[in-house]
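Overview (structure and organization)
Spelled out, the chains give:
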Amino acid sequence: MAHFRKDFLWGGAVAANQVEGGYNEGGKGLSVTDITTAGSLESPRYLTYTLDGKDGKVAGMFASSLPKGAKGKIFDNEYYPNHVAIDFYHHYKEDIKMFADMGFKVFRTSIAWTRIFPTGEEDKPNQEGLDFYRRVFEELKKNGIEPLVTISHYEDPLALGEKYNDWQDRKMIDLYVKYATTLFKEYKDLVKYWLTFNEINSSLMFLKLVGDGKVSDADYQKAYQKLHHQFVASAKAVVAGHKINPDFMIGNMIAGSVYYPGTPDPKDALAARYEEELSQLYCADAQAKGEYPSFAKRLWDEHNVHLKIEDGDLEVMKEGKVDMYTFSYYMSNMVTTHDVGEKAKGNFAAGAKNPYLEYSEWGWSTDPDGLQLYLEKMYDRYGIPMMVVENGLGAVDKLEDGTVHDDYRIDYLRKHIKAMDKAVEHGVDLRAYTTWGCIDCVSAGTGQMSKRYGFIYVDRDDKGEGTLKRLPKDSYYWYQKVIASNGDEL
Ligand code: P53
């Protein structure tokens with residue numbers, strides 16, 4: 001018998017910009033993702049914001065801003081995969097019906113800030129945007145599915161990105177809080193579960209992996225200052241949310257990973273711990289303990305970082321602690337000070353290759369034990385309810401007789417569900433599991449459609465061709481059984 005609670009929330013996750021399309025419909029403003037072109041494993045798309053001016057393109061992903069003075073621009077001869085994505089904007093009813101048919105109890109999506117405040121600075125929200133999400137949430141409720149809503153998922157308004165230089169300006173805090181408060185008031189009877197920032201730690205975690213890999217003290221200064229503003233914004237939103245509806249459960253969202261020492265050399269153990277502190281615990285403590293960790297000073301000193309912290313910031317962080325710890329989990333990492341041969345490849349796969357693990361076509365390791373370890377460690381540290389809000393295998397699917405035989409995906413998910421079950425057996429208070437890209441969508445890391453995660457196949461390719469027809473894969477029927485048996489039938 002599996003150990004999941006009776007009311008365990010099984011479901012799936014997506015983000016607005018990766019599924020909706022309709023990028024200029026319903027009064028929507030442009031977001032930073034709308035000027036991002038596609039890439040591939042060899043050429044990840046974080047290199048490709050398109051800008052007005054002779055330099056054309058610049059590192060995009062995870063930086064919500066453009067270089068000082070630069071303006072984003074959409075070019076006719078470029079392909080922007082998020083402009084149509086899988087057109088969830090017009091297909092949401094059909095898609096929700098399929099989620100309900102699988103037995104989903106929860107569906108995680110995000111709200112596109114630019115549907116609500118097209119430039120981020122309007123006084124009044126855009127009614128058409130509010131109405132669209134109301135229709136989506138009502139449709140979910142009608143189908144017995146609880147919405148889990150990310151307020152900000154890599155889709156900041158372009159206008160704010162141009163103006164406020166990647167959250168360097170404190171004005172971003174109030175603009176974010178105004179946006180979040182608008183959502184809380186509007187949907188207070190429809191949405192109970194909220195996440196403030198998707199993968200908030202990505203600014204630190206991926207710093208070494210974007211651009212040319214050289215990170216200056218100025219880059220660190222920027223990343224830590226951005227995070228400080230986001231921590232304050234998140235905390236203020238939590239405080240405001242609880243006033244609007246005390247039943248709200250508001251969570252953080254961390255890109256979760258574990259870091260193994262590559263050899264028994266104690267130096268490697270230290271290096272792995274330091275990586276964990278930088279990439280995971282710094283942000284997790286700030287939001288789940290409501291304070292900067294003891295090792296923060298070491299991290300700042302290492303790069304001469306001087307945080308601008310204003311009166312009241314630390315108090316509000318304490319007051320606005322999150323109610324639950326939520327995270328994505330795809331892979332683990334290995335850290336070593338030694339030369340151990342093969343380096344892990346692939347966008348965002350850091351460090352050395354772990355000989356005990358298998359790697360996906362995109363170079364991501366499969367490590368279910370790492371998920372169990374992560375859950376047990378983090379629950380022990382924070383002691384608040386947890387949710388796995390992203391997990392899954394990005395793979396190339398082959399369409400055969402109108403379906404996809406994706407046993408590799410089933411195998412990946414089965415192992416991770418078993419790992420969660422163990423953690424629950426060991427006392428972790430786990431409330432939900434939402435697999436990533438439960439319906440095929442545009443990859444965040446590469447902009448590809450061919451990196452698929454879904455239970456539902458969507459007929460669309462990397463060039464934007466296809467009928468957008470939806471088809472259940474083998475994993476669809478498998479997940480249906482998993483949910484119906486509350487994790488017993490794997
Ligand atoms: P894609 C890297 C590492 C871990 C999580 O990623 C990541 C990324 C970004 O590539 O992002 C999350 O689409 C993110 C989702 C994203 C998903 O993981 O690159 O929250 O938006 O789609 C999977 O395969």
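As a starting point, this report considers the structure included with it. It should be emphasised that the depicted structure is a prediction, and the values quoted were computed from it without experimental measurement.

Cut-offs and rules
- Residues numbered from 1 in each chain as written.
- Predicted model: local features only at pLDDT ≥ 70, side-chain atom pairs only at ≥ 80, totals over all residues.
- Heavy atoms only, no water.
- Phe/Tyr/Trp six-rings, centres within 6.5 Å; stacked < 30°, edge-to-face > 60°.
- Helix = DSSP H or I, 4+ residues; strand = E, 2+ residues; numbered from the N terminus.
- Buried < 20%, exposed > 50% of the residue type's maximum accessible area, 1.4 Å probe, protein only.
- Lys NZ or Arg CZ within 6 Å of the ring centre and 35° of its normal.
- Pairing = 2+ DSSP bridges.
- Axes fitted to C-alpha atoms, helices over the stretch in contact; angles between N-to-C directions.
- Contact = heavy atoms within 4.5 Å.
- Lys, Arg positive; Asp, Glu negative; His and termini not counted.
- Salt bridge = Lys/Arg side-chain N within 4 Å of Asp/Glu carboxyl O.
- Polar contact = N/O pair within 3.5 Å; in protein donor to acceptor, adjacent residues only side chain to side chain.
- Core = buried A, V, L, I, M, F, W, Y, C linked by side-chain atoms within 4.5 Å.

**So, the packing of aromatic side chains**
Taken as a whole and judged by the stated rule, the model has 40 aromatic pairs. Summarising the aromatic geometry, the rings of Y92 and F132 are spaced 5.8 Å apart at their centres and angled 90° between planes, so their arrangement reads as edge-to-face. One end of the pair, Y92, is in helix α2 (residues 88-102); the other, F132, is in helix α4 (residues 127-142), with 40 residues separating them in the sequence. Per residue, the accessibility class of Y92 equals that of F132, and both read buried. Positioned above the aromatic ring of Y274 is the side chain of R298, whose terminal nitrogen or guanidinium carbon lies 3.7 Å from the ring centre. Across the ring face of Y359, the terminal group of K353 is positioned such that the distance to the ring centre comes to 4.9 Å.

**Description of the sheet that holds strand β9 (residues 254-256)**
Reading across the sheet, the nine strands line up as β8-β7-β6-β5-β1-β16-β15-β11-β9 and stay open at both edges, with parallel pairing between neighbours. A strand with exactly one partner marks an edge of an open sheet, and here the two such strands are β8 (249-251) and β9. On average, each strand axis in the sheet is inclined to that of its neighbour by 25°, with strand direction left out of account. Each of β9, β11 (325-329), β15 (386-390) and β16 (430-436) is contacted by helix α12 (residues 368-382), which is oriented at about 160° to β11, the strand it contacts most.

**Regarding the side chain of E155**
With respect to the helices and strands, E155 occurs in the loop between β6 (146-150) and α5 (158-164). At 7.5 Å, K28 is the nearest oppositely charged side chain to E155, a buried residue that forms no salt bridge. Among the polar contacts made by the side chain of E155, one reaches the side chain of N17 at a distance of 2.7 Å.

**Here's the deal with the environment of Q127**
The residue Q127 is located in helix α4 in this model. Separated by 12 residues in sequence, Q127 and R115 place their C-alpha atoms 8.9 Å apart.

**Things to note about the nonpolar core**
Core analysis: the biggest nonpolar cluster contains 128 residues, and Y282 and Y325 have the highest contact counts within it. The element that contributes the greatest number of residues to this core is helix α8 (residues 217-244), accounting for 10 residues. In this structure, Y282 is in contact with L204, Y224, L227, F231, E277, Y292, P293, F295, A296, L299, W300 and L307, ignoring residues within four places of it in sequence. L9, V106, M249 and M387 belong to the second largest nonpolar core, which has 11 residues in total.

**What about the pattern of salt bridges?**
Where charged atoms of side chains with opposite charge meet at close range, the side chains can pair. All chains considered together, the criterion is met by 32 salt bridges. The partner of K473 in a salt bridge is D397, with the nearest N and O atoms 2.5 Å apart. Here K473 is found in the loop between β18 (470-472) and α14 (474-484), whereas its partner D397 is found in the loop between β15 and α13 (407-425), with 76 residues between them in sequence. In terms of burial, K473 and D397 fall into one category: buried. A single salt-bridge network, built from bridges that share partners, covers R273, E276, E277, R298, E302 and K377.

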